[in-house]
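Residue-level structure breakdown
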Amino acid sequence: MLVMSGTGTGVGKTVVTAAVASLAVDRGQRVAVLKPAQTGVAPGEPGDLADVRRLAGEVTTCELRRYPDPLSPEAAARRSGLAELTPAQAATAASRLLSDHDLVLVEGAGGLLVRFDSGGGTLADVAWALGAPVVVVAEAGLGTLNATALTAEVATRRGLDVLGVVIGAWPDKPDLAARSNVTDLPVAAGAPLLGALAAGLASASRQEFVDEARRGLSPWLGGTFDPDVFARDEAVTDVT
């Protein structure tokens, strides 16, 4: 089981979750993806799990709560008058999925400390209850080091295992900050760089997506990504 947490919103967390799922499916594993709380999506509209199914293929998906406003789950529940979600409910659902799947991925909403309920429950509490390692999905460019370091420090202080960090959308033409961050992100996270997925993968065909996922994710996640080779290649790109 893995808990997928972004350093914030819009960092490519759903694409990374789908990429990890797609490689596991390609290996013949039974995979489930749990989205405890989906916000900013109306009833009947496709949410993040629709993207996961489209990109990853035959995966079981489960969404526990859906709120129409694009807010934190706690604020969205309060505003809509719908029932809150607790970390215990999310952890219970994940454990049930694990009983008949080889891999369960729990995708958070925003960052690690975004509140699920008025009691202050967060994705960090879900990870702790499950004893599951956390994969941090980060941006490539300027500002990502601080957000990544904060996420990793909070996780560590709460007794969580940070498996590593994945760059959610590596740009076609990375700037100086992005190239430098290839080396600096693992230092900020206190954990290895487990991948860098090319920007724009959300529109790829399924086979293209699987191929790019394999290229962009570490062997820890089923791929062939080598952070040293990647850093060297980007350094060469900078020189040329």
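The shown structure was predicted, so the numbers you read here are calculated from the model rather than taken from an experiment. Numbering of residues starts from 1 in each chain and follows the order in which that chain's sequence is written. Note on the predicted model: pLDDT of at least 70 is required for a residue's local features to be given, and 80 or more for side-chain atom pairs to be given and counted; whole-chain, interface and lining totals, by contrast, use all residues. Each side-chain value is worked out from all heavy atoms of the structure, with water and hydrogens disregarded.

**Some details on the UniProt feature "binding site: substrate" (unreviewed entry) in the protein chain**
UniProt positions are given in the numbering used here, feature names are shortened, and annotations may be inferred rather than shown by experiment. Annotation from UniProt places "binding site: substrate" (unreviewed entry) at Thr 39. Along the chain, Thr 39 falls in strand E2 (residues 31-39). The criterion used for residue contact is that any of the two residues' heavy atoms lie within 4.5 Å. Leaving out residues up to four positions away in the same chain, Thr 39 has contacts with Tyr 67, Asp 69, Pro 70, Leu 71, Ser 72, Pro 73 and Ala 76. Here a strand is any run of E in DSSP of at least two residues, a helix any run of H or I of at least four, and the numbering for each starts at the N terminus.

**Focus: helix H8 (residues 206-216)**
Three labels apply to residues, based on accessible area from a 1.4 Å probe with only protein chains included: buried if under 20% of the type maximum, exposed if over 50%, partly exposed otherwise in between. By the burial criterion, the buried members of H8 are Phe 209, Val 210, Ala 213 and Gly 216. Projected down its long axis, H8 carries its buried residues within an arc of 140 degrees, all on one side. Turning to H8, the residues buried within the fold contact helix H1 (13-26), helix H2 (48-56) and strand E7 (193-198). Read the arc as the range of directions from the helix axis to the C-beta atoms.

**Considerations on helix H5 (residues 123-130)**
Within the sequence span of H5, burial applies to Leu 123, Ala 124, Val 126, Ala 127 and Leu 130. Taken around the axis of H5, the buried residues stretch over an arc of 160 degrees, which confines them to a single face. The elements touched by buried residues of H5 are strand E1 (2-6), helix H4 (87-98), strand E4 (103-107) and strand E5 (134-138). Taken from the residues just after H5, Gly 131 is the one with a positive phi, measuring 65 degrees.

**Quick word on the sheet that holds E5**
Each pair of strands is called paired provided DSSP finds at least two bridges between the two strands. Pairing within the open sheet is parallel, and its 7 strands lie in the order E3-E2-E4-E1-E5-E6-E7. Where the open sheet ends on each side, the last strands, each with one partner, are strand E3 (60-67) and E7. Across the sheet, the mean angle separating the axes of adjacent strands is 20 degrees when strand polarity is ignored. Relative to E3, E2 is paired through 7 bridges, and the arrangement is parallel. When the bridges of E3 are listed, Ala 32 appears paired with Thr 60. Of the strands in this sheet, E1, E2, E4, E5, strand E6 (162-170) and E7 are in contact with H1, which crosses E4 at around 175 degrees. Axis geometry follows a simple rule: fit a line to the C-alpha atoms, using only the stretch in contact for helices, then measure angles between N-to-C directions, giving values from 0 to 180 degrees.

**Regarding the layout of surface pockets**
Space inside the largest pocket adds up to approximately 290 Å³. Note on definitions: the grid is 1 Å and covers protein atoms alone; a cavity is a set of points where a 1.4 Å probe fits but cannot get out; a pocket is an open set with protein on both sides within 12 Å along at least five of seven lines; lining residues have an atom within 4 Å of a point. Along the walls of the largest pocket sit 18 residues, with Thr 9, Gly 10, Lys 13, Ala 109 and Gly 110 positioned nearest its centre. Contributing elements (two or more residues each) for the lining of the largest pocket: H1 and E2. Considering each element in turn, the lining of the largest pocket owes the most residues, 4 residues, to E2. Taken together, the residues that form the lining of the largest pocket break down as 6 nonpolar, 8 polar and 4 charged. Grid points are joined across faces, edges and corners, and a volume is the space filled by probe spheres set on the points. Put simply, the second largest pocket is a space of about 180 Å³. In this structure, the second largest pocket is lined by Trp 170, Pro 171, Asp 172, Ala 196, Leu 197, Ala 198, Glu 212, Arg 215, Gly 216, Phe 225, Phe 230 and Glu 234. Mapped by element, the contributors of at least two residues to the lining of the second largest pocket are E7, H8 and helix H9 (227-239). The classification used treats Ala, Val, Leu, Ile, Met, Phe, Trp, Tyr, Cys and Pro as nonpolar, Asp, Glu, Lys and Arg as charged, and all other residues, Gly among them, as polar.

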